[in-house]
Amino acid sequence: MKFGCHVSIRDGYLGAAQYATKIGAKAYQYFPKNPRSLSIKDFDRSDAKECKNYCQDKQLVSISHSPYPTSLVPTTDKKKKQVVESLLNDLHISDSCGSIGVVVHFGKHIDAQDPLASYQIMIQTLNTVLGQWNGDCKILLENNAGKPGTIGTTLEELVQVRKLSNYPEKIGFCFDTCHAFASGLWNGNNWQGVVHNGEALGYFDHLQAIHLNNSKYPTASGKDRHANIFHHGHISKEQWQDLMEYFMVKKIPMIMETPNHQEITHQRELAELHKTWPEG
Ligand SMILES: [Zn+2]
């Protein structure tokens, strides 16, 4: 099993990969640059190259996460230009580090009167970015938290946006378990239904990564608050079981974005995960 967690690039890209190995992760996620800004980063190419070599050597899988202000539904032309340039920068950095994809949140609603306009803007933004991108690293669309019925909370929307873009082969998916639970997509007891629907849609064929997070709030609450896997969350060990069995067979990397604090560190959570679901 490729269990992992989000790590800091405080000590560079190679440093992040080495730290992941040190705490027992076999996969990891990082921010390619400052997560609060769309500013372009002139990154250290040799550090990125060393990171890529290290990960190949250790069979470590990585994904990156685009900065928080990255909206696939930008409201002005100026904002769109910023988002496009920033995403191309994220793709360059992540490709240089050997990552399989850059996670981007599905867009949020901008016009309640005309929801289709949001999907159209999203597809145009993806087309503009991917028309200029020829690397191996993909864009990984992530499902939103949000009350049932809000944009980006269903597998249908994710699959359709990918299909309607000009470059579906450059787009994959990242399934966030907390978001799925918060939105009611997965309520903890309907996993077989999610699988049935996802397989019929072809969603799982393009699933590249899992964001493995418990939820501080009950299902369908619409609240995006991550909890530790075995502690303080509403998803029980029994409910995790179905999902784990499915992803174990598929060998999809599962990366935590859980609170990393003194009593429950990522290192401890990784040990608990490996103990509960040993490899092979
Ligand atoms: Zn996530």
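Each remark here, short or long, concerns the structure printed above.
Summarised in this report is the structure supplied together with it. (Residues numbered from 1 in each chain as written. Predicted model: local features only at pLDDT ≥ 70, side-chain atom pairs only at ≥ 80, totals over all residues.)

1. A word on the overall build of the chain
Turning to step 1, where the next piece is worked out: A count of helices and strands for the chain gives nine helices and 10 strands.
Turning to step 2, where the next piece is worked out: For the chain, whose C-alpha radius of gyration is 18 Å, the value lies close to the compact-globule estimate of 19 Å for 280 residues.
Turning to step 3, where the next piece is worked out: Viewed in the frame of its principal axes, the chain has a C-alpha envelope of about 50 × 45 × 30 Å.
Turning to step 4, where the next piece is worked out: Taking all 280 residues of the chain together, the buried fraction comes to 47%.
Turning to step 5, where the next piece is worked out: Taking contacts inside the chain between residues at least 6 apart in sequence as the whole, the part at least 24 apart equals 79%. (Helix = DSSP H or I, 4+ residues; strand = E, 2+ residues; numbered from the N terminus. Rg over C-alpha atoms; globule rule 2.2 N^0.38 Å. Buried ≥ 20, exposed ≤ 12 C-beta atoms within 10 Å, placed from the backbone. Contact = placed C-beta atoms within 7 Å.)

2. Topic: the nonpolar core
Turning to step 1, where the next piece is worked out: Counting 71 residues, the largest nonpolar core has Y28, L140, L141 and I255 as its most contacted members.
Turning to step 2, where the next piece is worked out: Here L140 is in contact with I63, G101, V102, V103, V104, G172, F173, C174, Q208 and A209, once residues within four sequence places are set aside. (Core = buried A, V, L, I, M, F, W, Y, C linked by C-beta atoms within 7 Å.)

3. Description of the sheet that holds strand β4 (residues 101-105)
Note: strands within a sheet are paired through backbone hydrogen bonds, in either parallel or antiparallel orientation.
Turning to step 1, where the next piece is worked out: Judged by pairing direction, the barrel is parallel, and its eight strands sit side by side in the order β1-β2-β3-β4-β5-β6-β7-β10 before closing back on the first. For this sheet the average axis-to-axis angle between neighbouring strands, irrespective of direction, equals 30°.
Turning to step 2, where the next piece is worked out: Where strand β1 (residues 3-6) lies against strand β2 (residues 27-30), three bridges are found, and the strand directions are parallel. Bridge pairing links C5 to Y28 in β2. (Pairing = 2+ DSSP bridges. Axes fitted to C-alpha atoms, helices over the stretch in contact; angles between N-to-C directions.)

4. Concerning the pairing of β2
The side chains of a regular strand alternate between the sheet's two faces.
Turning to step 1, where the next piece is worked out: Both faces of β2 are covered, namely the face carrying A27 and Q29 and the face carrying Y28 and Y30.
Turning to step 2, where the next piece is worked out: As paired strands, β2 and strand β3 (residues 61-65) are joined by four bridges and run parallel to one another. Counted as the bridge partner of Y30 is S64 from β3.
Turning to step 3, where the next piece is worked out: For the crossover from β2 across helix α2 (residues 45-58) to β3, the handedness is right-handed. (Right-handed = clockwise from strand over helix to strand, strands pointing away.)

5. Digging into helix α1 (residues 12-22)
Turning to step 1, where the next piece is worked out: Listed in full, the buried residues belonging to α1 are Y13, L14, A16, A17 and A20. Buried residues of α1, viewed axially, fall in a sector of 160°; they line one side.
Turning to step 2, where the next piece is worked out: Buried-residue contacts for α1 involve β1, β2, α2 and β3. (Arc of directions from axis to C-beta.)

6. Notes on α2
Turning to step 1, where the next piece is worked out: An ideal rise of 1.5 Å per residue puts 20 Å on 14 residues; α2 measures up with 20 Å between its terminal C-alpha atoms.
Turning to step 2, where the next piece is worked out: Buried within α2 are the following residues: A48, C51 and C55. Mapping the buried residues of α2 onto a view down its axis gives an arc of 55°, with all of them on the same face. The exposed residues of α2 that point more than 90 degrees off its buried face are R45, S46, Q56 and D57.
Turning to step 3, where the next piece is worked out: Where α2 is buried, its residues touch α1, β3 and α3 (77-96).
Turning to step 4, where the next piece is worked out: Among the residues trailing α2, Q59 stands out with phi positive, at a value near 55°. (Expected span 1.5 Å × (residues − 1).)

7. Regarding the pairing of β1
Turning to step 1, where the next piece is worked out: Two strands pair when backbone bridges link them, and β1 and strand β10 (residues 254-256) are joined in this way by three bridges, in the parallel orientation. Residue pairing in the sheet places G4 in a bridge with I255 of β10.
Turning to step 2, where the next piece is worked out: Note that the unit made of β1, α1 and β2 has a crossover that is right-handed.

8. Regarding the environment of S86
Turning to step 1, where the next piece is worked out: Secondary-structure assignment places S86 in helix α3.
Turning to step 2, where the next piece is worked out: Judged by C-beta crowding, with 22 C-beta atoms within 10 Å, S86 ranks as buried.
Turning to step 3, where the next piece is worked out: For S86 and S39, which are 47 residues apart along the polypeptide, the C-alpha to C-alpha distance reads 6.7 Å.

9. Section: the environment of Q29
Turning to step 1, where the next piece is worked out: Within the element layout of this structure, Q29 appears in strand β2.
Turning to step 2, where the next piece is worked out: You can call Q29 buried: it has 26 C-beta atoms within 10 Å.
Turning to step 3, where the next piece is worked out: For Q29 and L88, which are 59 residues apart along the polypeptide, the C-alpha to C-alpha distance reads 18 Å.
Turning to step 4, where the next piece is worked out: Each residue touching Q29, except ones within four places of it in the same chain, is listed here: H6, S62, I63, S64, H65 and I255.

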